[in-house]
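Chain and residue survey
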Amino acid sequence: MSLYTDYLKEIETRKKQGLNPKPIEDDALTREVISQIKDPNNEHRKDSLKYFIYNTLPGTTSAAGEKAKFLKDIILGEASVEEITPSFAFELLSHMKGGPSIEVLLDLALGDDQSIAKQAADVLKTQFFLYDADMARLKAAFDAGNIVARDVLESYAKAEFFTKLPDVEEEIKVVTYIAAEGDISTDLLSPGNQAHSRSDRELHGKCFISEEAQAEIQELQRQHPDKRVMLIAEKGTMGVGSSRMSGVNNVALWTGKQASPYVPFVNFAPIVAGTNGISPIFLTTVGVTGGIGIDLKNWVKKLDSEGKPILNNDGNPILEQKYSVETGTVLTINTKDKKLLNDAGDENLADVASSFSPQKVEFMKAGGSYAIVFGKKLQTFACETLGVELKSAFAPSKEIHHEGQGLTAVEKIFNANAVGVRPGAVLHAGSDVRVKVNIVGSQDTTGLMTSQELEAMAATVLAPTIDGAYQSGCHTASVWDFKAQENTPKLMAFMHKFGLITARDPKDVYHSMTDVIHKVLNDITVDDWAIIIGGDSHTRMSKGVAFGADSGTVALALATGEATMPIPESVKVTFKGTMADHMDFRDVVHATQAQMLKQFGDNVFQGRIIEVHIGTLLADQAFTFTDWTAEMKAKASICVSEDETLIESLEIAKSRIQIMIDKGMENENKMLHGLIAIAEKRIAEIKSGEKPALTPDANAKYFAEVVVDLDEIDEPMIADPDVNNADVSKRYTHDTIRPISYYQAEKKVDLGFVGSCMVHKGDVKIVAQMLRNLEKVNGSVEFKAPLVVAAPTYNIIDELKEEGDWTVLQKYSGFEFDDAAPKVEARTEYENILYLERPGCSLCMGNQEKAAKGDTVLATSTRLFEGRVVEDSKDKKGESLLASTPVVVLSAILGRTPTMEEYKASVEGIDLTKFAPPLTKPGNTKSAHF
């Protein structure tokens, strides 16, 4: 049976789902399609032509290679297709985005037929996805005196591929659509439980918000054909939680513009807005697609006669509407004056200058950030080759310096890694900088999209400047179902070939490591001056500075070894007082949030770096704090560590990397060995005093300083989604922090979860120690609610086995994962027992495992978004509350939240994760359980 026949069957199946034919990416199928086009009598010729022209993926897909070759044959007259003239063939090549198409265009431009060469050169002048091999061919031809090569290079030197593009419209008419009230997580735009379909853009688009919302957006488009739909988070922030390229893709699919008539379901230029703007990591993703993100400020705090916010009965500021953006409102965005205006254009509603910085406008003009990144490189190359002065066609990097002002930790890192800045320049926050990226991570539910982005930008190999790159398998670790079996091996094979260390071996030589991606990145980050880019919002390391990123930004970092972004402002977090013996460090995390909001009234962390001075905690424990900062909508976080602590953390990282080597995970370039060498060099620098652990300057300037008083933390706290709050905008935020006494031991708990990236080895030991304690007192332990435990890494389990803790957990478990026979379907019902799940994200991700609908879940994880860990039932809203490990374990045993007396008794004598301010230096600060 032919591949084309199989394709027709797939088309029929998709038609029943309301879907169009899936884009072709396979070379063998493309060859069949081409063969049928060549045969004038073939019954499938007409459809084959349509699929070849409009439904074959560009870039470096194997299908693109076959398409480019056939178009070349048509241009050279070696093949004749009535419907595809040579000029049309050139047009199709111009939309193929590099890789095989650039190779063909260079063949033609540097060939002997001058007429064809000129046409090929004209197309080449519009292209920017050129790599070293492509540029080397151009340079060699130029050096040999080829006039066409000179002509192309002269065009590149002027950056005509960018300058000849139309400018952004001066006025953009929009019609509003309120997607939800309150913060909108990217789960609404691209649900985690549909992660398997993200690389199938049309199919994934079906899960965008709801069918009702999709119909409403389409109706707005019918009513306003000359306007763009602007998606809004009313009384909230748009895109919180994760970068989620698939979320932006979905917004663009439903409200954006088609990128190319010959590439299906790839749209760009979405317009999104929020009363409190756009979450920083999501805003970066919007920029990748040349979109616009608007901070509406349409609700403001009501003030009293003294200018202070008036509070309601819950202690929250009362908001009053400055202007309406209800669904169907027509507004005007003036991109020249950078104002949001009413429909008539005669009333200024908001200043949107931050949405239209020179760099962002360039992204909009070019259709995304990739074109600018590659364009700058291409223009520089052309000028160097021609020996002419570079007159950049792009907005100059914004360089801000304040004489006499010291540097924060993040400013130091950015200055150390800056690329292309003036020699000797010292840059402060607000500067826009290209930086070298040291570590890159790709996770499995976004990885297929990253591989698509790499193919689209014609990248084939990892940038040689990157120290470490890792492809995880953690988000699909729980269930080895059909979707995982179909997607994961394909992803691992692609990334392995590209040059990454992969969690699964495509050749099945080493045991799969489904360790949580952030934990692995935390280990392979072996320099506190490093910049890390990861395809997950919780890419927040306790060494260096890490940024959660969309799959496209990850692809760009993998391909170029660079990233471009402004240096963010920082908020300094320090501590005073003494941590009570019965408290766990997770409560310090919650207290930081609560005390910050109490001190400032607003979330001063949003869009900024949290510089936390927590230097006496080892990397695994400090990660609990830096990991949580993603929930605060912070841009990133930096852990300021002491020399001795950093050295010990680096030694642990070395041992973890060695374990990866011993398991057979090393690649051909010896990347893991290289990381150990970097760690050893860094340790030597610290010990010798040549380069101590990273610290800010004493005279650094901060946006704000938060001092957390440990003396105020007397009882465990819970982050509550507050699902029944009368103010919809207050639900599912991380701002409702409550002491356990608030619940008066009456809050029923249906399921407990200890796992995800927020726990370390010590947390799992706490579970075992609590079981020992309760067994000693009561003779046995009975669970009144299920308790799911998922260690974040395999090495934690190995060490727990050696130390005897795993045996205790096994004694009470009714289920223990088996790698030799992984689950093939997700659990839908739970018994009141302990479940020992496979290392990975487990319930936290929500794409495989979930609690029963309507459950109240108490978890150590990070997410309390609607529908993430638990969905609503017909009768009750699902709740995912966040707490420390001892609170979760005790609540599962009791089936409810505990009293303070019950809690204190249960943790007596247990080595909880402790912390004291670095200056205090007590002997028990490193309760790391190593």
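Up top is the structure these notes are about.
What comes next is a walk through the structure. (Residues numbered from 1 in each chain as written. Predicted model: local features only at pLDDT ≥ 70, side-chain atom pairs only at ≥ 80, totals over all residues. Heavy atoms only, no water.)

**What to know about the overall build of the protein chain**
Condition: For helices the rule is a DSSP run of H or I covering at least 4 residues; for strands it is a run of E covering at least 2, with both sets numbered from the N terminus onward. Contacts are residue-level and defined by heavy atoms, with any inter-residue pair within 4.5 Å sufficient. Per-residue and other accessible areas were derived by the Shrake-Rupley procedure at a 1.4 Å probe size, with only the shown protein chains allowed to occlude residues. The charged-residue count follows a simple rule in which Lys and Arg add positive charge and Asp and Glu add negative charge, with His and chain termini not counted at all. A charge is said to be at NZ when it belongs to Lys, at CZ for Arg, at CG for Asp and at CD for Glu.
What the protein chain contains, in helices and strands, is 31 helices and 33 strands. Principal-axis analysis of the C-alpha atoms places the extent of the protein chain at approximately 90 × 70 × 65 Å. If you take every contact in the protein chain between residues at least 6 apart in sequence, the share linking residues at least 24 apart comes to 73%. Accessible area for the protein chain stands at about 35600 Å²; split by element, carbon and sulfur atoms hold 49% of it. Put simply, the protein chain has 100 plus and 134 minus side-chain charges, and the middle of one group is 2 Å from the middle of the other.

**Some remarks on the sheet that holds strand 14 (residues 418-419)**
Operational definition: Strand pairing is assigned whenever DSSP detects at least two bridges linking the two strands.
Across the sheet, which stays open at both edges, the three strands sit in the order 14-15-21 with antiparallel pairing between neighbours. At either margin of the open sheet sits one strand with a lone partner, and together these are strand 14 and strand 21 (562-566). Here strand 14 pairs with strand 15 (residues 432-436) via two bridges, running antiparallel. Counted as the bridge partner of A418 is V435 from strand 15.

**What about the sheet that holds strand 25 (residues 704-709)?**
Rule in force here: Here, axes are lines fitted to C-alpha atoms. For helices the fit covers the stretch in contact, and angles between N-to-C directions go from 0 to 180 degrees.
If you trace the four strands from one edge of the open sheet to the other, you get 24-23-22-25, paired in parallel fashion. Every interior strand has two partners, whereas the edge strands, strand 24 (636-640) and strand 25, have only one. For this sheet the average axis-to-axis angle between neighbouring strands, irrespective of direction, equals 20°. Where strand 22 (residues 570-576) lies against strand 23 (residues 609-613), four bridges are found, and the strand directions are parallel. Along strand 23, the bridge assignment pairs V573 with V612.

**So, the environment of W480**
Within the secondary structure layout, W480 lies in the loop between strand 17 (468-471) and helix 20 (482-498). As for W480 and D346, which are separated by 134 residues in sequence, their C-alpha atoms are 58 Å apart. Discounting chain neighbours no more than four positions away, the residues touching W480 are Q485, T488, P489, R504, P822, K823 and V824.

**A word on the nonpolar core**
Let me state the cut-off plainly: What we call a nonpolar core is a set of buried Ala, Val, Leu, Ile, Met, Phe, Trp, Tyr and Cys residues that are connected through their side-chain atoms within 4.5 Å. Three exposure classes are used, based on accessible area relative to the maximum for each residue type with a 1.4 Å probe and protein chains only: buried under 20%, partly exposed in between, and exposed over 50%.
In this structure, I84, M457, Y470, V545 and L787 are the most contacted members of the largest nonpolar core, which totals 198 residues. Looking at this core, the element that brings in the most residues is helix 17 (residues 369-386), giving nine residues. Membership of the second largest hydrophobic core comes to 48 residues, among which are V588, A591, L597 and Y830.

**Points about the pairing of strand 17**
Put simply, the rule reads: A right-handed crossover is one whose linking path, passing over the helix from the first strand to the second, runs clockwise when the strands point away from the viewer.
Residue alternation in strand 17 divides its side chains into two sets, G468 and Y470 and A469 and Q471, and both sets are buried. Pairing between strand 16 (residues 439-442) and strand 17: four bridges, direction parallel. Among the inter-strand pairings, S442 is bridged to a residue of strand 17, identified as Q471. In this fold, strand 16 hands off to helix 19 (residues 444-456), which returns the chain to strand 17; that crossover is right-handed. Inspection of the sheet shows strand 17 paired to strand 18 (residues 501-502) by two bridges, in the parallel sense. Its bridge partner being in strand 18, Y470 is matched across the sheet by I501.

**Structural notes on the packing of helix 6 (residues 100-109) against helix 7 (residues 114-124)**
Going by this rule: Our angle categories are set so that under 35 degrees counts as roughly parallel, over 145 as roughly antiparallel, 65 to 115 as roughly perpendicular, and the remainder as oblique. Two helices cross in a left-handed way if the nearer one is turned anticlockwise from the farther one by less than a right angle. They cross in a right-handed way if the turn is clockwise. Just so you know the grouping, Ala, Val, Leu, Ile, Met, Phe, Trp, Tyr, Cys and Pro go in nonpolar, Asp, Glu, Lys and Arg go in charged, and all remaining residues, Gly too, go in polar.
Two elements in contact, helix 6 and helix 7, have axes separated by 7 Å at closest approach and are oriented at 140°. For the element pair helix 6 / helix 7, the angle class is oblique. Our pair here, helix 6 against helix 7, has a crossing hand that is left-handed. Residue-level contacts link I102, L105, L106, L108 and A109 of helix 6 to I116, A117, A120, A121, V123 and L124 of helix 7. Classifying every residue of the contact of helix 6 with helix 7 gives eleven nonpolar, no polar and no charged.

**Details of unusual backbone geometry**
Phi at I209 is positive, roughly 50°, even though this residue is not glycine. With respect to the helices and strands, I209 occurs in the loop between helix 12 (201-205) and helix 13 (211-223). Residue I209 is classed as buried on the basis of its relative accessible area of 19%. Even without glycine at this site, K633 takes up a positive phi of about 60°. Inspection of the secondary structure assignment puts K633 in the loop between helix 24 (619-628) and strand 24.

**Regarding the packing of aromatic side chains**
Test applied: For Phe, Tyr and Trp, rings pair up if their centres lie within 6.5 Å, where Trp contributes its six-membered ring, and each pair is then called stacked (planes under 30 degrees apart), edge-to-face (over 60) or tilted (otherwise). Criterion for a charge above a ring: Lys NZ or Arg CZ within 6 Å of the ring centre, and within 35 degrees of the ring normal.
Taken as a whole and judged by the stated rule, the model has 22 aromatic pairs. Ring geometry for F575 and F625: centres 6.3 Å apart, planes at 80°, overall edge-to-face. Here the residue F575 occupies a position in strand 22, and F625 occupies one in helix 24, the gap between them amounting to 50 residues. Aromatic rings pair up to connect F575, F585, F605, F625, W628 and F915 into one cluster. One cation-aromatic arrangement involves K235 over W299; the distance from NZ or CZ to the ring centre is 4.3 Å. Here R827 stacks its cationic end above the ring of F815, 4.7 Å away from the centre of that ring.

**Focus: helix 27 (residues 761-778)**
This is how it is decided: Here the expected length of a helix is defined as 1.5 Å per residue gap, with one fewer gap than residues.
The end-to-end C-alpha distance of helix 27, which contains 18 residues, comes to 26 Å, matching closely the 26 Å that a straight helix rising 1.5 Å per residue would cover. Among all positions of helix 27, only K761, G762, D763, V764, K765, I766, V767, A768, Q769, M770, L771 and L774 are buried. At the exit of helix 27 stands G779, carrying a positive phi of roughly 90°.

**Some details on helix 1 (residues 3-16)**
Its 14 residues place the ends of helix 1 20 Å apart at the C-alpha level, agreeing with the 20 Å of an ideal helix rising 1.5 Å per residue. G18, located one to two residues past helix 1, shows a positive phi value of around 75°.

**Focus on the pattern of salt bridges**
Going by this rule: Any carboxyl oxygen of Asp or Glu that lies within 4 Å of a side-chain nitrogen of Lys or Arg is treated as forming a salt bridge with it.
Within this structure, the stated rule accounts for 59 salt bridges. Measuring nitrogen to oxygen at the nearest pair gives 2.9 Å for the salt bridge that ties K761 to E799. One end of the pair, K761, is in helix 27; the other, E799, is in helix 28 (residues 794-803), with 38 residues separating them in the sequence. With respect to burial, K761 and E799 carry one shared label: buried. Counted as one network, the salt bridges with shared partners bring together K761, K765, R772, E799, E803 and D805.

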